[in-house]
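Per-entry structural report
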Amino acid sequence: MKPIIFKTGQSEETSTLAMKVAALLKPGYVLTLEGDLGAGKTTFTKGLAKGLGIKRNVNSPTFTIIKEYTDGSLPLYHMDVYRLEDSDEDLGFDEYFNGNGVTVVEWAHHIEDQLPLKRLDIKIIRSGDDHREITFHPKGSEYVEMCKELSNESFSN
Ligand code: ADP
Ligand code: MG
């Protein structure tokens, strides 16, 4: 499947897109988020959390690497593996990927070898102060289906 591209013109739109994604998530789903600092990876994750009904404040887990939020409809495991560049450090990622929740990995390419093959890769590119181009690359049939549903929705893209 071709990647799908969404364009957002303010952070709230990125959050809304993420909330639509949240509605389609199932236990064991893995999403990766790539993009420069300030692209909107954490903004997207906050939208996911909101969509899952998580009330706790979600912020970048750079120093803790993994944060777990269990007060929503599905557990959310939020990883920021920026600090693990070129490291083979295994922090038990598989337990999260194979767990009952949804895992979101910021800077996922830093742990490329440890990522599951089936996943949704999301790339965010800054195309202006408040404009972002958000590309979804589904890997595996479940994620392809998910992307089809998203592209059928009337989200401006
Ligand atoms: P990252 O986690 O990728 O480093 P953050 O989500 O922490 O990025 O920061 C993104 C910043 O860009 C926030 O201050 C957010 O308000 C701002 N922003 C402006 N426009 C957008 C947009 N369309 N989508 C996402 N964030 C946006
Ligand atoms: Mg971040």
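Per an unreviewed UniProt entry, the protein goes by tRNA threonylcarbamoyladenosine biosynthesis protein TsaE and derives from Metabacillus herbersteinensis. A UniProt comment under Sequence similarities (unreviewed entry) is attached to the protein, and it reads "Belongs to the TsaE family." Entered under Subcellular location (unreviewed entry) in the UniProt record, the comment concerning the protein runs "Cytoplasm".

This part is about the overall build of the protein. Across its full length, the protein carries four helices and seven strands. Tracing the protein from N to C terminus, the helices and strands come up as β-α-β-α-β-β-α-β-β-β-α. A compact globule built from 157 residues should have a C-alpha radius of gyration of about 15 Å, and the protein, at 14 Å, falls within 12% of that. Across its three principal directions, the C-alpha atoms of the protein cover 40 × 35 × 30 Å. Looking at the 157 residues of the protein, the share that counts as buried comes to 48%. Across the protein, the fraction of contacts at a sequence separation of at least 24, relative to all contacts at a separation of at least 6, is 61%. Split by element, the accessible area of the protein, about 8100 Å² in all, is 47% carbon and sulfur. Charged side chains of the protein number 18 positive and 25 negative; the gap between the two group centres comes to 6 Å.

What follows deals with the nonpolar core. Membership of the largest hydrophobic core comes to 47 residues, with the highest contact counts inside it found for Leu 25, Phe 44 and Phe 136. Residue contacts for Phe 136: discarding those within four places in its chain leaves Pro 3, Ile 4, Phe 6, Leu 17, Val 21, Phe 44, Leu 120, Asp 121, Ile 122, Cys 147 and Leu 150.

Now for the site of ligand 1. Residues in close proximity to ligand 1 total 16 residues, the closest being Thr 14, Gly 38, Lys 41, Thr 43 and Asp 130. Ala 39 has a polar backbone atom sitting 3.3 Å from an oxygen atom of ligand 1. Between ligand 1 and Asp 130, the relevant distance is 2.9 Å, taken from a nitrogen atom to a main-chain nitrogen or oxygen of the residue. Calculation on ligand 1 without its partners gives an accessible area of 570 Å², and the protein chains cover 74% of this total. If you list the elements that add at least two residues to the shell around ligand 1, you get α1 (11–22) and α2 (41–51). The dominant element in the shell around ligand 1, judged by the number of residues it contributes, is α2, at three residues. Split by residue class, the shell around ligand 1 holds two nonpolar, eight polar and six charged.

Throughout the structure, instances matching the rule amount to six aromatic pairs. Taking 6.3 Å as the distance between ring centres and 80° as the angle between the ring planes, the aromatic pair formed by Phe 44 and Phe 136 counts as edge-to-face. Of this pair, Phe 44 sits in helix α2 while Phe 136 sits in strand β7 (residues 132–139), and the two are 92 residues apart along the sequence. The pair formed by Phe 44 and Phe 136 is uniform in burial state, with each residue classed as buried. Taking 6.3 Å as the distance between ring centres and 25° as the angle between the ring planes, the aromatic pair formed by Phe 93 and Phe 97 counts as stacked. Taken together, the residues Phe 93 and Phe 97, both in helix α3 (residues 93–97) and four residues apart, mark about one turn of the helix. When sorted by exposure, Phe 93 lands in the same class as Phe 97, which is buried. One aromatic cluster is present, built from ring pairs that chain together Phe 6, Phe 44 and Phe 136.

The rules behind the values
Residues numbered from 1 in each chain as written. Chains lettered and ligands numbered in written order. Predicted model: local features only at pLDDT ≥ 70, side-chain atom pairs only at ≥ 80, totals over all residues. Heavy atoms only, no water. UniProt positions renumbered as here; feature names shortened; annotations may be inferred. Helix = DSSP H or I, 4+ residues; strand = E, 2+ residues; numbered from the N terminus. Rg over C-alpha atoms; globule rule 2.2 N^0.38 Å. Buried < 20%, exposed > 50% of the residue type's maximum accessible area, 1.4 Å probe, protein only. Contact = heavy atoms within 4.5 Å. Areas by Shrake-Rupley, 256 points an atom, 1.4 Å probe, with all protein chains shown as cover. Lys, Arg positive; Asp, Glu negative; His and termini not counted. Charge placed at Lys NZ, Arg CZ, Asp CG, Glu CD. Core = buried A, V, L, I, M, F, W, Y, C linked by side-chain atoms within 4.5 Å. Near = heavy atom within 4 Å. Polar contact = N/O pair within 3.5 Å; in protein donor to acceptor, adjacent residues only side chain to side chain. Nonpolar A, V, L, I, M, F, W, Y, C, P; charged D, E, K, R; others polar. Phe/Tyr/Trp six-rings, centres within 6.5 Å; stacked < 30°, edge-to-face > 60°.

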